[in-house]
Amino acid sequence: MDMPRVPQVRKMLSFSVMTPYYREETVYSKNDLEMENEDVRGMMYYRRALKLQAFLDIAKEEDILEGYKTITEPSEEDKKSQRSMYTQLEAVADMKFTYIATCQNYGNQKRSGDRRATDILNLMVNNPSLRVAYIDEVEEAEGAKHQKVYYSVLVKAVDNLDQEIYRIKLPGSAMIGEGKPENQNHAIIFTRGEALQTIDMNQDNYLEEALKMRNLLEEFNEDHGVQPPTILGVREHIFTGSVSSLAWFMSNQETSFVTIGQRVLARPLKVRFHYGHPDIFDRIFHITRGGISKASRGINLSEDIFAGFNSTLRRGNITHHEYIQVGKGRDVGLNQISLFEAKVACGNGEQTLSRDLYRLGHRFDFFRMLSCYYTTTGFYFSSMLVVLTVYVYLYGKLYLSLSGLEATIVRFARAKGNKVLKSVMASL
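About the criteria used
Per chain, residue numbering runs from 1 following the sequence as it is written. Per-residue local features are limited, in this predicted model, to residues with pLDDT of at least 70; the limit for side-chain atom pairs, both in listing and counting, is 80 or more; totals at the level of whole chains, interfaces and linings are taken over all residues. Working from all heavy atoms in the structure, the side-chain values ignore hydrogens and water. Note on conventions: DSSP H or I runs of at least 4 residues are helices, E runs of at least 2 residues are strands, and numbering of each starts at the N terminus. Under the scheme applied here, a residue whose accessible area is under 20% of the maximum for its type counts as buried, over 50% as exposed, and between as partly exposed, the area being computed with a 1.4 Å probe on protein chains only. Residue contacts are counted whenever heavy atoms from the two residues lie within 4.5 Å of one another. The Shrake-Rupley method, run with a 1.4 Å probe sphere, supplies the accessible areas, and residue values consider only the shown protein chains as cover. His residues and chain termini do not enter the charge count, which takes Lys and Arg as positive and Asp and Glu as negative. To locate a charge, take atom NZ for lysine, CZ for arginine, CG for aspartate or CD for glutamate. We treat two strands as partners when DSSP finds at least two bridges between them. Lines are fitted to the C-alpha atoms to define the axes, a helix being fitted only along its stretch in contact, and any angle between axes, read from their N-to-C directions, falls within 0 to 180 degrees. UniProt positions are given in the numbering used here, feature names are shortened, and annotations may be inferred rather than shown by experiment. A carboxyl oxygen of Asp or Glu within 4 Å of a side-chain nitrogen of Lys or Arg is what we treat as a salt bridge.

Here we take up the overall build of the chain. From N to C terminus, the chain includes 20 helices and 10 strands. Each principal axis of the C-alpha distribution contributes one length, and for the chain these read about 105 × 70 × 50 Å. Taking all 428 residues of the chain together, 44% fall into the buried category. Partitioning the contacts of the chain with sequence separation of at least 6, the portion at a separation of at least 24 is 75%. Of the roughly 24100 Å² of accessible surface on the chain, a fraction of 55% belongs to carbon and sulfur atoms. Of note, the chain has its 53 positive side-chain charges centred 9 Å away from the centre of its 53 negative side-chain charges.

This is the structure we're talking about:
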């Protein structure tokens, strides 16, 4: 597959990565951390990859001969110098990449002394470019009354403590709809750059894939039809497939969907929406046209696909690219898999009640409308018809056998010499 040629790091499109967090475990236990492991992995690989690529862009021959390790382990003098190679690489990486964890309960966890708040602070201390956005609930007195006031806050780590960067007053509680999209909505204002990648807590990244991010971002400047791309679709790699045979089967099923399935949906059908969280959004396009997450409780149960609906309705163009991937872990027990499938099916049922799908049906041409129908609600409707047909066949066969009607029809066919009817009854 062809990849766009890339500019130097200082000329590339800047981007942000955003991860919603609720109460999941953020770091390993103390015993696990004492064992040999990789401490810096996941989305922060983007920063490491950018620094390496920027080093190759600006380094002289003698710098390259000394090796990149001299940059990753700088002296105290290099850290303080404004003109050192180390300082230049840090500045370029900061300009081009921002990572925000949207930890909505961080304020409450910090006040209650929750261990998770300490874990998050340690992550910020170990990764100085990491930012945390959370919702702060404050009791304020207004005359004789006391009322809760809500703020959206962005913090960073300074001297092993969190330091507030921005504080924005909200008109009320941000958590009135579905949790994850509301978590993304309150923090999107803190993102920077031309592109935005939304990542889940159960996702991973690989350094070799992070090196290709410059290529992917250049797709925004490539010719993809009448409209420029507004969402760049990216495949997912399910890394939990080796847990069991059931996990292996689900991993293969997911792999077929994120490759050949989404490839066909994007081109030629042009009905690919937003299914995977590694997708890259045109940030400027989406924050000026309704954002990336609809959060109405119930109806936006499958919040991902509504971002694709929103983009398509506003004359956006959604593409799919398979030369880069992001890791993803799935719950692979039978019960968890069935719950996931039930969530997807329920979300699809809720989509039929939404205005978005109604408007898409009215604005698509005939062939695109049929493609959209079959790849959304039509798939489940067809599956329901297949299941109902199986039930009708089985109960019909049972009725014919027990009532003696089958034998009567066969005798009638023999008497009349009706070979067709006889063959039909024999094939039942």
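Continuing now.
Moving on, we come to the pairing of strand S10 (residues 318-328). In summary, the side chains of a regular strand alternate between the two faces of the sheet. The element S10 is largely enclosed, with a buried count of 11 among its 11 residues. As defined by bridge partners, strand S7 (residues 203-204) adjoins S10 across 2 bridges and the pair is classed as antiparallel. Paired with Asp204 across the bridge in S10 is Gly327. Pairing of strand S8 (residues 231-238) with S10 involves 8 bridges; the strand directions are parallel.

The mixed open sheet is built from 10 strands, whose spatial order is S5-S4-S3-S2-S1-S6-S9-S8-S10-S7. Looking at which strands have only one partner, the edges of the open sheet turn out to be strand S5 (161-169) and S7. The pairing of S8 with strand S9 (residues 280-282) spans 2 bridges and is classified as antiparallel. Counterpart to Leu232 in the pairing with S9 is Ile280. Contacts from helix H6 (residues 85-96) reach strand S1 (15-21) and strand S2 (97-103), with the element oriented near 55° to S2.

Glycine aside, a negative phi is what most residues show, and trans is what most peptide bonds show. Along the chain, Arg267 connects to Pro268 via a cis peptide bond; the corresponding omega equals 20°. One can find Pro268 in the loop between helix H12 (245-266) and S9. For Asn160, which is not glycine, the phi torsion reads 65° and is therefore positive. Looking at where Asn160 falls in the secondary structure, it is placed in the loop between strand S4 (145-158) and S5. Here Asn160 falls in the exposed class, since its relative accessible area comes to 55%.

Look at the UniProt record and you will see "transmembrane region" (unreviewed entry) annotated at residues 372-394. Along residues 372-394 one finds 96% helix and 0% strand; the C-alpha atoms at either end are 32 Å apart.

The next thing to look at is the side chain of His286. Positionally, His286 belongs in helix H13 (residues 283-287). In this structure His286 comes out as buried when scored by relative accessible area, which is 1%. Residues within four places of His286 in sequence aside, it is in contact with Thr230, Ile231, Phe281, Gly291, Ile292 and Ser311.

Pairing between side chains becomes possible if they bear opposite charge and their charged atoms approach one another. Applying the stated criterion across every chain yields a total of 21 salt bridges. The partner of Lys51 in a salt bridge is Glu90, and the shortest N-O contact between them spans 2.5 Å. Here Glu90 lies in helix H6 and Lys51 lies in helix H2 (residues 45-58), a separation of 39 residues in the sequence. Judged on exposure class, the residue Lys51 and its partner Glu90 are both buried.

What follows covers the environment of Leu170. Relative to the helices and strands, Leu170 resides in the loop between S5 and helix H9 (179-187). Residue Leu170 is classed as buried on the basis of its relative accessible area, which comes to 19%. In this structure the C-alpha to C-alpha distance between Leu170 and Thr102, which are 68 residues apart in sequence, comes to 16 Å. The contacts of Leu170, once residues within four sequence positions are left out, are Tyr150, Tyr151 and Ser152.

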